[in-house]
Amino acid sequence: MLDQAEPQVHPAFEWVRNHRIETLHLEVEEYRHRATGACHLHLASDNDENVFLVALRTFPMDSTGVAHILEHTALCGSENYPTRDPFFMMIQRSLNTFMNALTSSDWTAYPFASRNRKDFDNLLSVYLDSVFFSNLDPLDFAQEGHRLEFETPDDPSTPLVHRGVVYNEMKGAMSSPVSQLWQTLSKHLFPTTTYHYNSGGEPDHIVDLTYDQLVQFYRRHYHPSNAIFATFGDIPAREHQERFESLALNRFQAAEIDLPVRNEKRYYAPVRVQEHYGVDPDEGTDNRTHVVMGWLLGESFDLEKNLEAELLTAVLLENSASPLLQALETTSLGQAPSPLCGLEDSNREMTFVCGIEGTEPEQAGDVENLILETLEQVAREGVAHEKLEAIVHQLELQQREISGDGFPYGLQLIMQALSPMVHGGDPVDLLDLEPVLERLRERIRDPEYVPGLIRRLLLDNPHRVRLALAPDTGLNERREQAVRQALDEQKASLTEEEQRTLVEQAQALQARQNQEADDSMLPRVGIEDVPASLKIPEGESDASGRITRYHMGTNGLVYQQLVAPLPDLAPEQRQLLPIYSSMLSEVGAGSEDYLRMQDRISAGSGGISGAATIKGNVDDVQSVRGYFTLGGKALAANSDDLAGLLHDVASAARFDEKERVRELVAQMRARREHSITGSGHALAMGAASHGASPGARLTYELGGLEGIRQLVALDDRLDDSAELDRFCQRLSELHERIHAGGPDFLLIGESSGLEGSEAAVRGHWSLDGDRAEGGFHLDPVSEQVNEGWLTATQVNFCARAFPTVPVEHPDAAPLSVLGVLLRNDNLHRSIREQGGAYGSGAGQDSANGVFRFFSYRDPRLEETLADFDRSLEWLHAGGQTAASVEEAILGVISQLDRPRSPAGEARFAYQSRLFGRTPEQQQRFRERVLAVDLASMQEAAERWLTPDRASTAVVTGHGNRQKLADLGMKVLEI
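Residues numbered from 1 in each chain as written. Predicted model: local features only at pLDDT ≥ 70, side-chain atom pairs only at ≥ 80, totals over all residues. Heavy atoms only, no water.

Student: Give me the overall build of the protein chain: which residues, what numbers.
Tutor: Summing up its helical and strand segments, the protein chain has 35 helices and 28 strands in all. The C-alpha radius of gyration computed for the protein chain amounts to 28 Å, which stays within 12% of the reference 30 Å derived for 974 residues, consistent with globular compactness. With the C-alpha coordinates aligned to their principal axes, the bounding extent of the protein chain is approximately 80 × 65 × 65 Å. Buried residues in the protein chain amount to 60% of all 974 residues. Counting only carbon and sulfur atoms, one obtains 46% of the accessible surface of the protein chain, whose full area is about 36,800 Å². With 89 positive and 150 negative side-chain charges, the protein chain shows a separation of 0 Å between the mean positions of the two kinds. (Helix = DSSP H or I, 4+ residues; strand = E, 2+ residues; numbered from the N terminus. Rg over C-alpha atoms; globule rule 2.2 N^0.38 Å. Buried < 20%, exposed > 50% of the residue type's maximum accessible area, 1.4 Å probe, protein only. Areas by Shrake-Rupley, 256 points an atom, 1.4 Å probe, with all protein chains shown as cover. Lys, Arg positive; Asp, Glu negative; His and termini not counted. Charge placed at Lys NZ, Arg CZ, Asp CG, Glu CD.)

Spelled out as C-alpha cells, the structure:
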C-alpha cells in the first residue's frame, strides 16, 4: 500500500508519513514535535471510542520499583490540579471506557479512552498535567510507595512495620510462584540489562528506594523528548496536537536524554541454575518444582525476526497437536506444561520459553533432554506444509479481527505499535502484517525453512537458561525473620528525634488522607452529557426461529454459535460443567482423535469453545435459567469448515481418550491454582455470596474456591484407573444429555459473510427436528456464610456480602449506584489510602441478588471488615453531596455503556434476550439509575444491608489460621 498525501498538521509538529492499512480500516499517521522531538502516532479511524496514550521510556537498573512507584505517585496531584488524587477523582467524574496507568519492563504508559468528546478533553488535560507537571508530594510517595511506621502509628513502643500501596501490591504479586518463575528466569537470561530487574519492585528492595531517588528518576525520564504520544479514533490528529502543545509541550525544548537499552551480551554456553520459592510447611514439596528453558532470540521490533519467532512458537506450541506441547503434555516427568510456555516479544529482545510444572529438581536434566530431543526430531523430520499454512492462517485471522471486549480495540493496536517505538523500530510494520504474511507464505514452501529456524534460533543458540525453581518450606519464615530482625535493629537505633519524625509523618499522612479534597478545579461531565438511550443491535430470525443473524462490521470474519437451553442436571452432573466446557474443544470427535481435531480447528477456524451460562431471572434470583453455547470464529471463506467443526464436536465429541482426559484435568488444576493470588478478591466475594442465591452457590461450587477444591480432589482421584473410567463415562453421559435435541444458532458477520455462514449451518444441520429441551433447575438458597480460606499468599482478600434483589426490583438501581458511591467516597480512602491495600470496592450483582464488598492485596484483615461496616454507618450519617451522587451515577452508566467489539455487541444482545434482559428492560434499568438520589440509596441500604444479613469470607495465608478461628470463621483449605 502506497503512503498517502500529507494531512493537515499543527505548526508545532512536522509530518513524517501516512500509511493506509486496509485490513484494519485505518490510516496510520506519524508526526514529530519540532521543539522536543516527541513522537505522535495517530491511528485515524471512524471509531468514536477515542484513545489517548503517552508513554515514557523507563529503564530501571534495580528492583526498587522506582518506575512503578513513580507511576502511582505522579497521578496524586499536579501543577494545575494540586488536589489529592486527581486520577481517582477523575474516574468518578468521567464517562471513560478505560482509565489506567501501566508500568512495563522498559516503559511507563498512561492511557485512557472515552466515547464522549467533552470527557476525552477533560481527561487529556488531567493526564498531561499529571505526567509532565507532577507535584510528587513526599507524603504521596509514603502512601503509594513505602514508608516506615510504628504498628500503632502514634505509639513508638510498638514494632516498626513497612507500609505502602505498591509495597503491598508487589507482596501479593510476588506470592505467585509463576511470577517468581518469570522474574528468576529473566534475571538469568538478562544478566546486564534492565530486564534483569523487577520493574514492578521486589518487596525486599522497594524499601530501599528514597524519595530523592524517585524525584531524580522523574526528572530524567518524564520529559517530552523521551515521550511517545499515541491516539486512535475519529478526532483529527491536528486537534490532538493543538491540545498537546497548549497544555504541555509549548513549555519544553529538546533535552539530551541518553537512555539506551542495548542488546544483551550473549552467553557462549548454556546456563543451568536452581533457585527456590517459599511454600508453607504444611503444603508439602512433592511435585511442586517448575523446570523451564528460556532462549534469547532476536530483536522484537525487527518484523522479519518477530514473525519468524511467532511462526516457530506456533509450530512448537500452538495446540496439543504441536510437537513440543504434545511432548510436554504427555510426559510423565511433570503434571502440566509451564504457564510460561510461549514467546515474550514486548522486550527489546524476544524470549522463547518452554517447560513443565509439577516435577522434582532432580528431573531437570530429563526435562531438558526431552525438550532438546523433541526439537531435534522436528528439525530432522520437518513440518507438514498444511500445518504451516494453518499457522499463517491464524496470523491473518488475528490481524483481521476487531477485538475490544475487555480492552479498547484502539488501545490494543497502540500497544502493538508501542514496543517498536520504544526500541527504535517501525510501528507500521507490526500493524500492517499483510506484506510480511505473503512473504512468509512463500518461505514456508521450502521444507527446510522451519527446520532451519529451529536450528538457528534454538538448537544452535547457546544463550539459553535451564531453571529449576524448587519449593522450600523454610524460605518464607527465613525471609520474614530477616525482615523482622532488620526492623527491630532499625528501631533499636532510632533516636527520640527520629521516632518523633516517624510519628509526625504518620500524623501528617493521616491528616492529608482525611482532609476533604478540593475537586473544584477538576473538569467533569454531568448527567446532561449522558446519552438518553442505549444502542443495542437488533438481530433478525429466519422463518423457523432457529437461526438469528446479526449484521455487524466484523472485517471479513464470521462468528457462529450453537445455543441450547440446559436440561435439568443432577448435582454431580452440574459439578462437571466447567470441566466439560473447557474439554469439549480439546478432545477428539467421531473417528478423529484429539490431535487430528486440533489440526482441523487450527486450519479452519480461529478457535472454538464451549460455555455454560446460568443466571437468575430478572424478577426472581431464586429461579434460574441456563444455556450451553458452543461457538467459534473464522474467516468468511471458511464458514463451512467452522460449521462442520461445531457440528462434529456437538454431535460426536469423544471422551474415550482417557489419557488425554487425564492430562486436561491436570492442566486445569494447575491453571486454577495459579489463578488464586491474582483473583483472590473475586474468589473471596464468591465465597461470601454463595448463601445468597442458587446462582451464586453454583458459581462458588463450579468456578469459585469450592470448585477449585473439588478440582484438586478430582485430579488426585484420577490416578486410579477405575476412577478415570467412571469419570470419562460421566462426561460422555453429560455430553449426550446436553446435546439431546437440536440447538438454535447465532450468526454474526457482514452481509456477504452471513449468507455463506447460514448456508453452511443448513448444510450440516437439519432444522426440522426437535429443539433442545430446557428444564434446568436449582433449589432455592438462603443462608449466612462465615468462611476463611487458607492459601499461599502474603496478603489478604476480604469480602462481605448481603442478599439483595434482582435487576427488575426497584432497589436494584439504588444499590448499583450505592456500590460506586461507597467505593468513591469512603472505601478508597479507608482501605487503600489509609489501610494500604492495592484495591477495594463494593457493588450490586443483580444476576445473583447480592451486594458485595471486597479488598484486594490487603495487608489488613479484621480492620478491613470493620471498614466495610463503617462505610454503611457513613452512608446513614448523611452529608454526601449531590455531586458525589451524580458521580456515582456516572460510574454505573459508564459500565452500562462500555463498548464491545462488533461481535461482542451482538453476542451480548443475544445472550441478554435469552435471560430476559430485553432492550426495553435494559432501558428501564438505565432510567432508574439516572433517577437515583441519596435518599433512595439510604432506604435500600436500610432494607437490605443490615448486620444480621451479612456473610463474610477471607482468603489469607496459612499464618492466619488462628486469627480466622478467633473471628469465628469456618477455616478451609484448598
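Student: How would you explain unusual backbone geometry if you had to name every residue and give the values?
Tutor: Even without glycine at this site, histidine 25 takes up a positive phi of about 55°. Relative to the helices and strands, histidine 25 resides in the loop between β1 (13-21) and β2 (26-33). Among the residues examined, histidine 25 registers a relative accessible area of 41% and is labelled partly exposed. Positive phi values are uncommon outside glycine, yet asparagine 287 reaches one of about 55°. On the secondary structure map, asparagine 287 appears in the loop between β11 (271-278) and β12 (289-299).

Student: I'd like a rundown of helix α24 (residues 680-689), residues and numbers included.
Tutor: Burial analysis of α24 places eight of its ten residues in the buried class, which makes it a mostly covered element. Along α24, the residues that are buried comprise Gly680, Leu683, Ala684, Met685, Gly686, Ala687, Ala688 and Ser689. Looking at the buried side of α24, the elements it contacts are α25 (694-702), α26 (705-717), β23 (786-791), β24 (797-803), β26 (850-856) and β27 (951-957). (Contact = heavy atoms within 4.5 Å.)

Student: Would you mind going over the packing of aromatic side chains in detail, with residue names and values included?
Tutor: Ring pairs (aromatic) are described by centroid distance and by the angle formed between their planes. Overall, the coordinates contain 28 aromatic pairs when judged by the stated rule. A centroid spacing of 5.4 Å and a plane angle of 35° characterise the contact between phenylalanine 52 and phenylalanine 112, whose relative ring orientation is tilted. One end of the pair, phenylalanine 52, is in strand β4 (residues 50-57); the other, phenylalanine 112, is in strand β7 (residues 107-114), with 60 residues separating them in the sequence. As far as burial versus exposure is concerned, phenylalanine 52 and phenylalanine 112 are alike and both buried. (Phe/Tyr/Trp six-rings, centres within 6.5 Å; stacked < 30°, edge-to-face > 60°.)

Student: Account for the sheet that holds β27, with residues named and values stated.
Tutor: Taken in spatial order, the six strands of this open sheet run β25-β26-β24-β27-β23-β28, and their pairing is mixed. The open sheet has two edge strands, β25 (839-845) and β28 (970-973), and neither has a second partner. Across the sheet, the mean angle from the axis of one strand to that of its neighbour is 15°, orientation sign disregarded. Here β23 pairs with β27 via six bridges, running parallel. Considered in β27, the bridge of tryptophan 789 is made with valine 955. (Pairing = 2+ DSSP bridges. Axes fitted to C-alpha atoms, helices over the stretch in contact; angles between N-to-C directions.)

Student: Explain the side chain of glutamate 349 residue by residue, including any values.
Tutor: Relative to the assigned elements, glutamate 349 resides in strand β15 (residues 349-359). Polar side-chain contacts of glutamate 349 include one of 2.7 Å to the backbone nitrogen of glutamate 264. Every residue in contact with glutamate 349, bar those within four places of it in the chain, is listed here: Phe190, Asn263, Glu264, Arg266, Leu296, Leu297, Gly298, Glu299, Ser300 and Glu344. (Polar contact = N/O pair within 3.5 Å; in protein donor to acceptor, adjacent residues only side chain to side chain.)

Student: Run through the side chain of threonine 952, naming residues and quoting values.
Tutor: Along the chain, threonine 952 turns up in strand β27. At a separation of 3.0 Å, a polar atom in the side chain of threonine 952 contacts the side chain of arginine 800. Look past the residues within four positions of threonine 952 in its chain and what remains in contact with it is Ala688, Val785, Asn786, Glu787, Ala799, Arg800, Leu865 and Met969.

Student: Describe the sheet that holds strand β17 (residues 540-541), and please don't skip the residues or the numbers.
Tutor: Strand order in this open sheet of six strands is β17-β18-β22-β19-β21-β20, and the pairing throughout is mixed. Lying at the two open borders of the sheet, with one neighbouring strand each, are β17 and β20 (608-617). Across five bridges, the pairing between strand β19 (residues 557-565) and strand β22 (residues 744-749) is antiparallel. In the sheet register, tyrosine 559 faces β22, and the bridge partner there is isoleucine 748.

Student: Requested: an account of the pairing of strand β16 (residues 464-472), with residues and values cited.
Tutor: Where a strand is regular, its side chains alternate between the two sheet faces. Most of β16 is tucked away: nine of the nine residues are buried. Here β16 shows a buried face lined by Arg464, Arg466, Ala468, Ala470 and Asp472 and a second buried face lined by Val465, Leu467, Leu469 and Pro471. With eight bridges joining them, β11 and β16 adopt parallel strand pairing. By the bridge assignment, valine 273 is partnered in β16 with leucine 467. Pairing of β12 with β16, which is carried by six bridges, proceeds in the antiparallel orientation. By the bridge assignment for β16, tryptophan 295 is matched with arginine 464.

Student: Go over the pattern of salt bridges, please, and point to the residues and values.
Tutor: Considering all chains together, one arrives at 77 salt bridges under this definition. Note that arginine 479 and aspartate 204 form a salt bridge whose closest N and O atoms lie 3.8 Å from each other. Of this pair, arginine 479 sits in helix α18 (residues 475-492) while aspartate 204 sits in helix α7 (residues 203-206), and the two are 275 residues apart along the sequence. Residue classification places aspartate 204 among the partly exposed residues on the basis of a relative accessible area of 41%. Between glutamate 886 and arginine 524 there is a salt bridge whose closest N-O contact spans 3.2 Å. Of the two residues, glutamate 886 sits in helix α31 (residues 882-896) while arginine 524 sits in the loop between α19 (496-514) and β17, which places them 362 residues apart along the sequence. Residue classification places glutamate 886 among the partly exposed positions, given a relative accessible area of 22%. (Salt bridge = Lys/Arg side-chain N within 4 Å of Asp/Glu carboxyl O.)

Student: Could you give an account of the nonpolar core, naming the residues involved and the relevant values?
Tutor: Ranked by internal contacts, the top residues of the largest apolar core, which has 54 residues, are Phe52, Tyr110, Phe132 and Phe229. Top contributing element to this core by residue count: helix α3 (residues 117-132), with eight residues. Here phenylalanine 52 is in contact with Tyr110, Pro111, Phe112, Phe120, Leu124, Tyr127, Leu128, Phe229, Ala230, Thr231 and Phe244, once residues within four sequence places are set aside. If you look at the next biggest cluster of nonpolar residues, it comprises 51 residues, including Ala589, Ile614, Phe628 and Leu747. (Core = buried A, V, L, I, M, F, W, Y, C linked by side-chain atoms within 4.5 Å.)

Student: Please provide a residue-by-residue account of the packing of α3 against helix α9 (residues 237-247), values included.
Tutor: Two elements in contact, α3 and α9, have axes separated by 10 Å at closest approach and are oriented at 35°. When you trace α3 past α9, the crossing you get is right-handed. Contact residues: α3 offers Arg117, Phe120, Asp121, Asn122, Leu124, Ser125 and Leu128, while α9 offers Glu239, His240, Arg243, Phe244 and Leu247. By residue class, the composition of the contact of α3 with α9 is five nonpolar, three polar and four charged. (Left-handed = near helix turned anticlockwise from the far one by under 90°. Nonpolar A, V, L, I, M, F, W, Y, C, P; charged D, E, K, R; others polar.)

Student: With reference to specific residues and values, describe the pairing of β27.
Tutor: Burial within β27 is extensive, with seven of its seven residues counted as buried. Examined bridge by bridge, β24 and β27 share five bridges and lie antiparallel to one another. From the neighbouring strand, alanine 801 faces β27, where its bridge partner is serine 951.

Student: Requested: an account of the packing of helix α20 (residues 571-583) against α25, with residues and values cited.
Tutor: Angle between the axes and distance between the axes: these two values describe a pair of packed helices. Packing of α20 against α25 leaves a shortest axis separation of 9 Å and a crossing angle of 60°. What the angle tells us is that α20 and α25 run oblique. Where α20 crosses over α25, the two elements pack in a sense that is right-handed. Between α20 and α25, the contacting residues are Arg574, Gln575, Leu577 and Pro578 on the first element and Leu698, Glu701 and Leu702 on the second. Class assignment of the residues belonging to the contact of α20 with α25 gives a composition of four nonpolar, one polar and two charged. (Parallel < 35°, antiparallel > 145°, perpendicular 65-115°, else oblique.)

Student: How would you summarise the environment of glycine 904 if you had to cite specific residues and measurements?
Tutor: Along the polypeptide, glycine 904 turns up in helix α32 (residues 902-914). Considering only alpha carbons, one finds glycine 904 and serine 894, ten residues apart in sequence, at a separation of 17 Å.

Student: Just give me the short version of helix α16 (residues 434-443), but keep the residues and values in it.
Tutor: Taken as a whole, α16 has its buried residues at Val436, Leu437, Leu440 and Arg441. Projection of α16 onto a plane perpendicular to its axis shows the buried side chains occupying an angular sector of 145°, all on one side. Contacts made by the buried residues of α16 are with α10 (303-317), α13 (385-400) and α17 (449-459). (Arc of directions from axis to C-beta.)

Student: Give me the environment of glycine 841: which residues, what numbers.
Tutor: Mapped onto the elements of the fold, glycine 841 is located in strand β25. Here the alpha-carbon distance between glycine 841 and valine 51, two residues 790 residues apart in the chain, equals 26 Å. Other than its neighbours up to four places away in sequence, glycine 841 contacts Arg823, Leu827, Arg852, Phe853 and Phe854.

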